[in-house]
Amino acid sequence: MSSVVPVSPLRLPSSFNFASDVVDHWAWRDPSQVALYWTDQSLSTTKQLTYSHFSRQSQRIACLFASLGIKQGETAIIIAPRVPEWWETATACLRSGIILCPCTTLLVDKDIEYRLQVSHATAFIGDATSVAKCLKVRATCPNLRTIVQINGTAPPGVTDFHSALNKIPSDARFPVPSSLGPKSPGMIFFTSGTTGPPKMVLHTQTSYPLAHALTGTHWLDLSPGKIYWNLSEQGWAKAAWSWLSTWNCGATIFIHDDRLAFHPRRTLEVLNKFPITTLCAPPTVYRQLVLDETRRFFATEKGQPKALVHCCGAGEPLNESVVRIWKEMTSGIEIFDGYGQTETIVVCANQKVNKVKPGSMGKPLPGVPLTIIDSEGNSVAPGAEGDIAIVVSKTRTDTDFFGFFEGYIDKSTGMIDTKIKTYPNGKIYFVTGDRATRDEDGYFWFVGRADDVINSSGYRIGPFEVESTLKLHPAVVESAVVSSPDPQRDEVVKAFIVLTDSATSKIRASRAAGEALVKELQDFCKQNAAPYKYPRRIEFVDSGFLPKTISGKIKRAELKALERRRYKEAQGA
Ligand code: ATP
Ligand code: MG
């Protein structure tokens, strides 16, 4: 019944290298074209670096890495704040076939040790802070041979990036190795760790570096002249989505080297000061941007974006109400929600060619064989819930869609697990682990991660819909909805809710006010969603209570486990 055919309009080329075919290409087309528009923390210093700059620098750095003995096929972990050296060295790795493994600056020593050990990285490239952490664990990472420090004074045994690079001639060239093919390993990412320990995801030289051309074209609507700001920190796959898609489209990445905790007002100040045309932020940021206080600042002259025309969101479900309020605030800019994973490019999104349906993840990108299947591997009918899956052919041939990973690298054996599954009907899929429905127009609607869906008295309830309904209530800042064990219904819907400051003051002042608000929120959910979905249990919590990944995603599995523990304890008592 599915019309999905695993053939992509973006064919796998016989050869491709991101540095030579994308960066050098734009540098050759227009030597003055800006690839990266950078500003420091205080917004006082700016740099506009061209594609020519990255073309030249990445050739020199590739020569430097070769002279340091870092070889094609070896892995280099890179941890640095948002400084231009990050994009220079990352491009050099792709040019020379060194497998790039970006990690977040928020990692502590033992996280770095874990990543160095399981990735078998032979090189570590970092700023002074992360190099200091790396040195503390170096002794237990036997594969690590080379450490390169990009700022400050390098300690003994560490290569000082800038002084070593100064010795490489400014016109040095690094030919792309002939053995580096489109399916050679290119990048390793660790997943966000929302459902368990972060998994190691292997991408090829094309599955991210080239396939993100689709992300940039269809979701971000990028082209030369556009300036794109994505708030993600460098260690996450989403930052690579931005980098690779922007440069594939010949546009400009905007970078604010922000080292402070997120503050909505600062985000608006940046949008006000710089000619940013395109913004991507996670839903949690948009939720803060639409709060009353931020809206008041937005209404002032200093709070107005200078050049913003297109907004996108991804990483978590985006509530319909947030899209609506943002559109009102910005006099018409919608938020284009897009769906993808560390394992994939953006495979489904609201796109310029279609009407945005707030609350939906939009439609599969052109050429992406994305579908929703039942447990037998058949595409489900409109309105029915199933697993989001990518159709795969038996051999993953060159005409297949190639914008998803090779597999997870097993941390102890180093083997690649492709996670590709053959169903009873003979069809083969990569199953994402997320559940959704599709409407008559082909739009996908996120239900939840397969493990987060709640089964109450035979009804299946997706946490996202309940959370979105709660978000419509003015007292709610955010919530996390999980299953809670129940003797009669097996599981019931439980909502952990963070309230606005004024609502919090009210419930703290009187117990009766708290009880009244619980009832009000339950009635509100019954009126605004199917009544069986209302949260039978509600707990008001401080914002710090909700367990989140370093990238800010709610770890519902931990809350679910908490409910189980509490239930067992109550039974034992
Ligand atoms: P882990 O795999 O380690 O548990 P993670 O799945 O959160 O962590 P990521 O690859 O960063 O790691 O996130 C991808 C997941 O984020 C998706 O599988 C999906 O659950 C969620 N997601 C991404 N975009 C959207 C979206 N637009 N709407 C709803 N959920 C989304
Ligand atoms: Mg995942």
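Please refer to the structure higher up on the page.
Residues numbered from 1 in each chain as written. Chains lettered and ligands numbered in written order. Predicted model: local features only at pLDDT ≥ 70, side-chain atom pairs only at ≥ 80, totals over all residues. Heavy atoms only, no water.

(A) Molecular detail of the site of ligand 1. Around ligand 1, the surrounding shell holds 21 residues, and the nearest of these are Ser192, Thr194, Thr195, Asp434 and Lys553. Measuring from a nitrogen atom of ligand 1, one finds a side-chain N or O atom of Asp337 at 2.9 Å. When ligand 1 sits alone it has 630 Å² of accessible area, and the protein chains cover 95% of it. Listed by contribution, the elements that provide at least two residues to the shell around ligand 1 are β14 (335-340) and β23 (444-449). Ranked by the residues each element gives to the shell around ligand 1, the list is headed by β14, at four residues. Classifying every residue of the shell around ligand 1 gives four nonpolar, ten polar and seven charged. (Near = heavy atom within 4 Å. Polar contact = N/O pair within 3.5 Å; in protein donor to acceptor, adjacent residues only side chain to side chain. Areas by Shrake-Rupley, 256 points an atom, 1.4 Å probe, with all protein chains shown as cover. Helix = DSSP H or I, 4+ residues; strand = E, 2+ residues; numbered from the N terminus. Nonpolar A, V, L, I, M, F, W, Y, C, P; charged D, E, K, R; others polar.)

(B) The packing of aromatic side chains, seen in detail. According to the stated counting rule, one finds 24 aromatic pairs in the structure shown. Consider the rings of Phe54 and Trp247, whose centres lie 4.9 Å apart with planes at 55°: the pair is tilted. Of this pair, Phe54 sits in helix α2 (residues 51-67) while Trp247 is found in helix α8 (residues 237-248), placing the two residues 193 residues apart along the sequence. Considered together, Phe54 and Trp247 belong to a single accessibility category, that of buried residues. Ring geometry for Trp229 and Phe254: centres 5.8 Å apart, planes at 80°, overall edge-to-face. Residue Trp229 is located in strand β10 (residues 227-230), and its partner Phe254 is located in strand β11 (residues 252-256); the two are separated by 25 residues in the primary sequence. We note that Trp229, like Phe254, is buried. One aromatic cluster is present, formed by Phe18, Trp26, Tyr51, Phe54, Trp86, Trp87, Trp243 and Trp247 through successive ring pairs. Over the ring of Phe297 we find Arg265; its NZ or CZ atom is 4.0 Å from the centre of that ring. (Phe/Tyr/Trp six-rings, centres within 6.5 Å; stacked < 30°, edge-to-face > 60°. Buried < 20%, exposed > 50% of the residue type's maximum accessible area, 1.4 Å probe, protein only. Lys NZ or Arg CZ within 6 Å of the ring centre and 35° of its normal.)

(C) Spatial organisation of the sheet that holds strand β27 (residues 490-499). Taken in spatial order, the three strands line up as β26-β27-β28 in an open sheet, and their pairing is mixed. Two strands in the sheet have a free side with no partner beyond their single neighbour: β26 (476-486) and β28 (537-540). When strand polarity is set aside, the average angle formed by the axes of neighbouring strands in this sheet is 25°. Here β27 runs beside β28; their pairing, made up of four bridges, is parallel. Considered in β28, the bridge of Phe496 is made with Glu539. (Pairing = 2+ DSSP bridges. Axes fitted to C-alpha atoms, helices over the stretch in contact; angles between N-to-C directions.)

Worth remembering: the numbers are spatial, not functional.
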